[in-house]
Every structure is written in C-alpha cells, then in structure tokens.
Amino acid sequence: MSKAKAQAKAPSGGAMQKILDVVERAGNKVPHPVIIFLGLIAIVLIVAHILTMAGASVTYPMINPETQKIEEVTTSARSLLNVDGIRFMYTSLIPNFMGFTAVGLMIVAMVGAGVAEESGLVKALIRKLVIVSPPKALTYILVFAGILSSVAADAGYLVLIPLAGIAFISIGRHPLAGLAAGFASVAGAFTVNMLIKPLDAVLTEFTNDAIHMVNPAISIDLTANVWFSIVSVLFLTVVITVITERIIEPRLGEYKGDKPDGEEGAKISPDEARGLKYALFGLIGLLAVFALLCLPAGAPLRNPTTGALIGNSPFMNGLIAFIMILFLVTGAAFGLGAKTLKGVPDIIKAMEKAISNLGGLILLLLIISQFIAYFNYTNMATIMAVKMADGLKGANIGPLWLLLGFIFVVAILDLLITGAIAKWAIFAPVFVPVFIQLGVAPESVLAAYRIADSPMNMITPLNAYFVMVVAFAQKYDKNAGVGTLVALMLPYVVGIFLLWTALFVVWYLLGLPWGL
C-alpha cells in the first residue's frame, strides 16, 4: 500500500459501508480504463452487427434541431463490420477526437488554471476562504458554488472539483471527501440553477416543439421551472452536504497521506498577501475590459440579433475563454506579487507543466471518443431508448406513477446517453404529448426530466469528466481507481435520486407552481 493510501478508514461496521468497500475493491480490480473501453468497443462491434443482421429498427417522432420541426424518423441498427462501418472507423479517428469537446475545454482551461496553481494563487485563495468561513459552513459553501457553476457549462468540473479537495485538506479533512462533494454538486445537480443558463433555452425549445404536436396554441417560457430549480439548488445543497459529512467522511476516516506542498498551514504570508492584492488589481482590470466588451449596446460579446448577454450570446458561448483568461491574469499577477513567478518565462513554464500533466488523460479520452462515436453510429442507444419509452408509455398507470416511471427510465439511459440535449430530443416528442393528453402540465414533465438527467452522471464512465475526477483522486491516493470513485459517489446517487424525486412528488401533489 502506498504512503498516499496510508489513511485510517473508520471501522466499517454498517451494512452500507461494507457494501461500498466491496464496490471499491471490485471496481479497483478492473483493468486500466483504456483496456476497459477497448473491450467495450469490441462488444459494440459484435452486438451492433447482430442487431443489424436481425433488422432491428424503431420509428418515432423526433425534433429536428436545425428546423425545430417534428419529424417521423425510422432508425435502424448499423453494423461497424460491413463496408460502410469499416470506412467510418478508418476515416473518423481524428474527427471523433477533435470533436470531443471535453478535450479542448480541459486544455484551454488548464492553460490558465496551471498558472494559477503554479503561482500559489489557488492555495492562497482556499486558505483565505477557510480563514473567513465558519468551519461548519465550508461544505455548504463549496457545494452551493458547485451547483451554481453549471451556468458556466463544464467549467465546474475543471475548477470547483479540485478546489474542493484542496479546501478540505487545508483544514485537516479528507481530500477525497472534498472531491466527492465537488463532483456531486457539479454533476449530480447539473440541470438546475438559480440563474437561467443556455441549457434551459434548448430544453424549453424542444419542450415547446413537442407541445405543439398536440396543441399549437400553448407554449412554456424559459422560466417555466425557475421556482423548482431554485428550491432544488437549496435542497440539494443540504442533501449533498449531509451525505458528505454523515456518510462519506466517516467511511474514509482520517487522512494520513502527504499533503501537497504549501498546504500545511492556514495562515497567509506577507508575500501571499501582496500577491492577493496584485491579483485583485488584475481582476479589476480584467473585469473593466470585459465590461467594455459586454455592457454597451452593440458590444461585440452580446448577441448580434437580440442584444442579449445571458443565454445564447458570444460571451456565454465562449465562457471557458473568459475563465482561462481570468485564471491566467490573476495567477500571473499573484505570482509576480508573491515572487513565486519571476517573469514571462516562468508563466510559460507553468502553462507547459499543466498541459504536460494531461498526457495520460488525453490518451484515455482518445479511446473514449472513439467508443462514443462508434456507439452513436450503431444507433443502439436510440433503439434502446425508444423501446423503453414505448413500454413506459403503454403502461396502464396514473399520471404521477407514469412520471416516476419516466424519471427511472431516463435515469437508467443516462448511463449510456449522458448528453441532456440528446436525450431530450428523443424523449420530448414521445412523452410530452402523452402527458398533456393525461392532463399533466409540460412544466411537470420538464422538471421530472431535470431530476432524471443528473444523478447518474456521477457514476457513468461515459461522462467525459469521470476519468478526470479519478485522476484528481490519484493525487491524494495513488491506488485510487474507478472503483474508488464509484464507491464514493454511490451514496450521493441514491440519496439525490430518492430525495429529489420525493421533493418532486410533494411539489406535484401540492400543485405548487413550477416557475413563472
């Protein structure tokens, strides 16, 4: 056992802890993730060929994202072992990888984050947060920030999760518990926020297109789920915090591994205080520049047609660039002020170091991108989704039970189809008209979908950032693997899924408004 693994776990006297220990041991015995995904590719090749030979196909209404029209679509299984399939695999290797947006997001974000980390800004900010925050409130603050981070798309995965681990270790708590809380807040509540975000616009548009299949006269607004989303954010903040402090941390016990350099104390040194002052000046200057680019009428980062800044606008669509520049400017300013960076050459070296550390992860993402592309090419996910939807739609049960069945089916399929937009494009035209005919408001269906789409993101390896979180965990425990992360996240999956669904049931039965 490595010294990073030298951590005293609490006695596993409870049945849940024993089950999680078994999950962790079993999961960590699986082969390297690269081997796993190569095996999954082989399975997809075989199963898709069998389905193609059997003539498997489904017919269903679907929203065309380009025309926003409802179209009757027939999808058949496609083999990867025939002429077209082999040609696709051979010619799509590079496009599959280049089209895998998680790779570009991580590399761009790490250019700035690497400077902020190497300069010491991240550690100083975390220590400052620890100093000014009541210890009992730290988990709540981090979880709340993680849930709200979804307004910046995937930035929470890249920023909040590693910061949560650093924050926990800085006050003597187990860093894996911090990573777990951060991952749960970012991934497990991804579809809700206190702010309107770009995802809401897409989901609302798809819902309206499905509504118009049965009643062209009615539509829902962008704020159709705003009250439910706001309450869900507060509710899930408490749920995730309680699971972290009552289940995850007692199971992990005391962390006795080595702390990363510079995280032993919580005090801010005079050099760090000067660095934070420089970082503040850099932040003010950066915000002033972006204010000029965003606030005036006709500003270049506003939507050229509507003038909107939030939603579908250049600023929101390129938000990861703002985050990269934010970390780069403040990190460089801090480094120069704290004398941890001597000049431009040190800043460039920090960027190079951050990118070089992504080598193993980039290799794995290359394999994952091929698997996802092959899986989508075969149409296996669509066939499975429509078959399950037809079975649920045909069940002779009441509206509430049908909604609960809908939540369950979408949650299971989220293990295979992780994209919220892709799933809703399939499910909206199937389920929204059915529920409307049963007297169920479309806002209720959309709220149910938000619940179903999120929790499984924490344990599916098809989440593009799952392996990245495993890499974060290995910083503190070199023996950590897929099983470690799955065992950490299972209590969150179960707790969030059951309690969030219970909130939905209470909301539905009380007839509370879902939004504006």
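Computed from a prediction, not measured in an experiment: that's the story for all the values here.

> It is not clear to me how empty space enclosed by the protein should be interpreted in this structure. Could you clarify?
Picture a little ball the size of a water molecule; that probe, rolled over the atoms, points out where space is still empty. Under the defined criterion, the tally for this structure stands at 3 cavities of 30 Å³ or more. For the largest cavity, the calculated volume is near 70 Å³. If you trace the largest cavity, you find it lined by Thr191, Val192, Asn193, Leu195, Ile196, Asp200, Leu222, Thr223, Asn225, Val226, Ser229 and Arg450. Looking at the lining of the largest cavity residue by residue, the class counts come to 5 nonpolar, 5 polar and 2 charged.

> Before we go on, may I ask you to explain the confidence of the model for the protein chain in this structure?
Low pLDDT means the predicted coordinates in that region are not meant to be read closely. With 85% of its residues at a pLDDT of 70 or more, the protein chain has an overall mean of 82. A low-confidence stretch, residues 1–12 (pLDDT under 50), is modelled with 39 contacts involving residues beyond four sequence positions or located in other chains.

> It is not clear to me how the environment of glycine 112 should be interpreted in this structure. Could you clarify?
In this fold, glycine 112 is placed in helix H5 (residues 101–119). What makes glycine 112 buried here is its relative accessible area of 0%. Distance in space between the C-alpha atoms of glycine 112 and alanine 332 is 9.1 Å, their sequence separation being 220 residues. Residues within four places of glycine 112 in sequence aside, it is in contact with Met324, Phe327 and Leu328.

> Is there a simple way to explain the packing of aromatic side chains in this structure?
When we look at a pair of aromatic rings, we describe it by the centre distance and by the angle of the planes. Evaluation of the coordinates by the stated rule reveals 17 aromatic pairs. Centroid distance phenylalanine 406 to phenylalanine 435: 6.1 Å. Interplanar angle 75°. Geometry classified as edge-to-face. Taken together, the residues phenylalanine 406 in helix H18 (residues 399–413) and phenylalanine 435 in helix H19 (residues 420–437) connect sequence positions 29 residues apart. In terms of burial, phenylalanine 406 and phenylalanine 435 fall into one category: buried. Judged by centre distance (6.4 Å) and plane angle (20°), the rings of phenylalanine 504 and tyrosine 508 are stacked.

> Would you mind going over helix H16 (residues 359–378) with me for this structure?
Spacing of three or four residues puts side chains on the same side of an α-helix, whose turn is 3.6 residues. The end-to-end C-alpha distance of H16 is 29 Å, a good match for the 28 Å that 20 residues give at a rise of 1.5 Å each. Looking one or two residues beyond H16, the residue adopting positive phi is asparagine 379, at roughly 70°.

> Teacher, can you tell me more about the packing of helix H11 (residues 226–252) against helix H22 (residues 482–510) here?
How two helices sit against one another is set out by the angle between their axes and by the gap between those axes. For the pair H11 and H22, interaxial distance at closest approach is 9 Å and the crossing angle is 145°. In this structure, H11 crosses over H22, and the sense of that crossing is right-handed. Considering only residue class, the contact of H11 with H22 consists of 21 nonpolar, 3 polar and 1 charged.

> What's the story with the pattern of salt bridges in this structure? I'm lost.
If the charged atoms of two oppositely charged side chains come close together, the side chains can form a pair. Taken as a whole and judged by the stated rule, the model has 6 salt bridges. With a shortest N-O distance of 3.1 Å, aspartate 84 and arginine 87 are connected by a salt bridge. Of the two residues, aspartate 84 and arginine 87 are both situated in helix H3 (residues 83–91); the distance of 3 residues between them amounts to about one turn of the helix. We classify arginine 87 as partly exposed; its relative accessible area is 49%. Arginine 274 is paired through a salt bridge with aspartate 271; the nearest N and O atoms lie 2.6 Å apart. Here the residue arginine 274 and the residue aspartate 271 both occupy positions in helix H12 (residues 270–294), the gap between them amounting to 3 residues, near one helical turn. Its relative accessible area of 27% is what places arginine 274 among the partly exposed residues. What emerges from the salt-bridge pattern is a single network uniting Arg173, Glu245 and Glu249.

Each value, and the rule that gives it
- Once a new chain begins, its residue numbering starts again from 1 and follows that chain's sequence as written.
- Thresholds applied to this predicted model are a pLDDT of at least 70 for local features of residues and 80 or more for the giving and counting of side-chain atom pairs; totals over whole chains, interfaces and linings are not thresholded and use all residues.
- Neither water nor hydrogens contribute to the side-chain values; these are computed over all heavy atoms in the structure.
- Only protein atoms enter the calculation, which uses a 1 Å grid: trapped sets of points that fit a 1.4 Å probe without letting it out are cavities, open sets showing protein on both sides within 12 Å along at least five of seven lines are pockets, and any residue with an atom within 4 Å of a point is a lining residue.
- Grid points are joined across faces, edges and corners, and a volume is the space filled by probe spheres set on the points.
- Residue polarity follows a fixed list, in which Ala, Val, Leu, Ile, Met, Phe, Trp, Tyr, Cys and Pro are nonpolar, Asp, Glu, Lys and Arg are charged, and the others, Gly among them, are polar.
- pLDDT: the predictor's confidence for each residue, scored from 0 to 100.
- Contacts were defined at the residue level, with two residues in contact if any of their heavy atoms lie within 4.5 Å.
- Numbered from the N terminus, helices here are DSSP runs of H or I no shorter than four residues, and strands are runs of E no shorter than two.
- Residue exposure (1.4 Å probe, protein chains only): buried if accessible area is under 20% of the type maximum, exposed if over 50%, otherwise partly exposed.
- Ring pairs shown here join Phe, Tyr and Trp side chains whose ring centres sit within 6.5 Å, with only the six-membered ring taken for Trp; geometry is labelled stacked below 30 degrees between planes, edge-to-face above 60, and tilted in between.
- Here the expected span of a helix is defined as 1.5 Å times the quantity of residues minus one.
- In this analysis, axes come from line fits to C-alpha atoms, helices being fitted only over the stretch in contact, and the angle between any two N-to-C directions falls in the range 0 to 180 degrees.
- It is the rotation of the near helix from the far one that decides the hand of a crossing: anticlockwise by less than a right angle makes it left-handed, clockwise makes it right-handed.
- We count a salt bridge whenever a side-chain nitrogen from Lys or Arg sits within 4 Å of a carboxyl oxygen from Asp or Glu.

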